[in-house]
Amino acid sequence: MPVFTYKALATNGSVTTGELDAADRPEALRMLDRKGLQPVNLRESAAAVQTRKPAGKAKSDSDAKTSPKADAKEDLIPEGPIKLKRQEVVLFTEELSDMLSAGLQLEPALKSMENRQELGNLKAVSYKIRQIVRDGVNFSVALKKVSPSFGSLYCSLAAAGEASGALDTILKRQAHYLKTLAELQARLVLAMIYPAFLVLAGIGVSIVFITTLIPQLTKLIESSPGGKIPLGAAILIAISEFLSKWWIVMLTSLIAGGIFFKAWKDNEANKPTWDRLKLRLPLIGRVITSRFYVQFLETMANLVGNGLPLLRALELSRDATQNRSLRAALDQVIVQVGDGRAFSKALIRNGSFPPLLIDMISVGEQTGKIDQSLRRAAERYDKELDKDLQRIMALIMPTVLIIMAGLIGTMAYLMITAIFQTISNLG
């Protein structure tokens, strides 16, 4: 078995050296990590060692003292993928991007997060990611292996950041995006509290109308001399009878329709169609498109600004795009750029991108500062996205109010009309 000599930092900050037997370099790194050592230099011994110690034992006595603690720490790490809350993903992204921006390398940054006391599940995630990264696996691949909570978009953007050397910038932007999404959901929940009370109140009033008031009104009309049920009351009675007889069927149909729709859109063959339909939805489609422009332009600006060729930057940006319809448009652009066509000309030929975006990219091509043009375009569409979101939030309340007012008002009008007509018949 090969013998490796090492120089490493102990947990108390002291420098220790020694030798250990290991099958290969990754195994040697794992052994040092279990002993709580941060390697500074690790290489295989050139001279063949005749007498070897048992595998996993280091020459230094000070190293052996840290082994039980490290082994106990490893035993606490859960097996399999670790699920994280969205807030934990945001915290992990912010912490890691801050340390990378400060000049730390990826592995020491993960080690620092692993030693923090208040990070909870992130300690285990950082430990497992660091173990995989030390074996030579890419950070983006390690993210996908360790936790499904990061998602395909997150992992694709991390891969783009690794390829461009701008991982800290990409992670910082991703943290901003995740926080914006969480804030939007919180605002949506707050905005829906009052309309939810109105909907519940409307449902309660409708139930009272159907189960109590309408039967009493029917009895009153039928008991009056020459009583004739008015049209409004007849409509309410017909609706009441229909709902009382068929509500189970309607509820079952709604549940079955929801299950069928979810199965349809989750089918891999139907996902391109569903992605195209999402882009055409009122209000929502505009938000999805604006979000794509912001993400695409920011990613391209970071990749090109860090020296990646335009074609490779386009490929990585395409991989970070989740909507299949938009990804197909980028595929066409990549083919044309690969054939030697200018980026702006390829966007024009594709026909799926707005003229303003193309004009800003064209200016960047002419001035030789395409990364700055891409970043300015991203900022512009980020403002447009914020306006679209504010517009949607502002429309929720009045829309619910109008619907509920129309429903309750119509039922009240029909009831009052029926009552007054019955009174006039009695007169």
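Procedures and definitions
Residues numbered from 1 in each chain as written. Predicted model: local features only at pLDDT ≥ 70, side-chain atom pairs only at ≥ 80, totals over all residues. Heavy atoms only, no water. Buried < 20%, exposed > 50% of the residue type's maximum accessible area, 1.4 Å probe, protein only. Helix = DSSP H or I, 4+ residues; strand = E, 2+ residues; numbered from the N terminus. Contact = heavy atoms within 4.5 Å. Phe/Tyr/Trp six-rings, centres within 6.5 Å; stacked < 30°, edge-to-face > 60°. Core = buried A, V, L, I, M, F, W, Y, C linked by side-chain atoms within 4.5 Å. Patch = residues over 30% accessible without salt bridge, like charges linked within 9 Å, V, L, I, M, F, W, Y side chains within 5 Å. Areas by Shrake-Rupley, 256 points an atom, 1.4 Å probe, with all protein chains shown as cover. Salt bridge = Lys/Arg side-chain N within 4 Å of Asp/Glu carboxyl O. Axes fitted to C-alpha atoms, helices over the stretch in contact; angles between N-to-C directions. Left-handed = near helix turned anticlockwise from the far one by under 90°. Nonpolar A, V, L, I, M, F, W, Y, C, P; charged D, E, K, R; others polar. Arc of directions from axis to C-beta. Polar contact = N/O pair within 3.5 Å; in protein donor to acceptor, adjacent residues only side chain to side chain.

Draft legend 1. Region of interest: helix 13 (residues 310-319). Buried residues of helix 13: Ala 313, Leu 314, Leu 316, Ser 317 and Arg 318, and no others. Next to the buried residues of helix 13 lie helix 8 (151-164), helix 12 (284-305), helix 14 (324-338) and helix 15 (343-350).

Draft legend 2. Structural detail: the packing of aromatic side chains. In total, this model carries 10 aromatic pairs according to the counting rule given. A centroid spacing of 6.3 Å and a plane angle of 40° characterise the contact between Phe 296 and Phe 353, whose relative ring orientation is tilted. With Phe 296 in helix 12 and Phe 353 in the loop between helix 15 and helix 16 (355-367), this residue pair connects regions lying 57 residues apart in the sequence. Side by side, Phe 296 and Phe 353 carry an identical accessibility label, which is buried. In textbook terms, an aromatic cluster arises when at least three aromatic residues are bridged by ring pairs, as seen for Phe 292, Tyr 293, Phe 296, Phe 353 and Tyr 381.

Draft legend 3. Highlighting the nonpolar core. Of all hydrophobic cores here, the largest spans 34 residues; its most connected members are Phe 92, Leu 96, Ile 129, Phe 139, Leu 143 and Phe 150. Ranked by size, the runner-up nonpolar core spans 33 residues in total, among them Leu 314, Val 333, Ile 361 and Tyr 381.

Draft legend 4. Highlighting a nonpolar patch on the surface. There is a patch of nonpolar side chains on the surface, built from Val 189, Leu 190, Ile 193, Phe 197, Val 199, Leu 200, Ile 203 and Ile 207 and spanning about 780 Å² of accessible area. On the secondary structure map, Ile 203 appears in helix 9 (residues 167-223). In this structure Ile 203 comes out as partly exposed when scored by relative accessible area, which is 45%.

Draft legend 5. Representation of the packing of helix 12 against helix 13 within the structure. One can describe the packing of helix 12 onto helix 13 by two numbers: an axis separation of 9 Å at closest approach and a directional angle of 140°. Crossing handedness for the pair helix 12 and helix 13: right-handed. Counting all contacts with helix 12, which are made through Phe 296, Thr 299, Met 300, Leu 303 and Val 304, the residues of helix 13 involved are Leu 310, Ala 313, Leu 314, Leu 316 and Ser 317. Split by residue class, the contact of helix 12 with helix 13 holds eight nonpolar, two polar and no charged.

Draft legend 6. Up close: helix 15. Of the residues making up helix 15, those classed as buried are Phe 343, Ser 344, Ala 346, Leu 347 and Asn 350. Viewed along the axis of helix 15, the buried residues span an arc of 160°, placing them on a single side of the element. Downstream of helix 15 by a residue or two, Gly 351 has a phi angle that is positive, lying close to 80°.

Draft legend 7. Geometry of the side chain of Asn 323. Inspection of the secondary structure puts Asn 323 in the loop between helix 13 and helix 14. Accessibility expressed as a relative area gives 8% for Asn 323, which makes it buried. Engagement of the side chain of Asn 323 in a polar contact is seen with the backbone oxygen of Asp 275, the distance being 3.3 Å. A polar atom in the side chain of Asn 323 sits 3.0 Å from the backbone nitrogen of Ser 325. If near-sequence neighbours (up to four positions away) are discounted, Asn 323 is found in contact with Asp 275, Lys 278, Leu 279 and Ile 288.

Draft legend 8. Focus on the environment of Asp 319. Its place among the elements puts Asp 319 in helix 13. By relative accessible area, which is 40% here, Asp 319 ends up partly exposed. Spatially, the C-alpha atoms of Asp 319 and Cys 155 are 9.7 Å apart, while their sequence positions differ by 164 residues.

Draft legend 9. Representation of the environment of Gln 372. Locating Gln 372 in the fold gives a position in helix 17 (residues 370-426). The exposure class of Gln 372 is partly exposed, given its relative accessible area of 38%. As for Gln 372 and Ile 361, which are separated by 11 residues in sequence, their C-alpha atoms are 9.3 Å apart.

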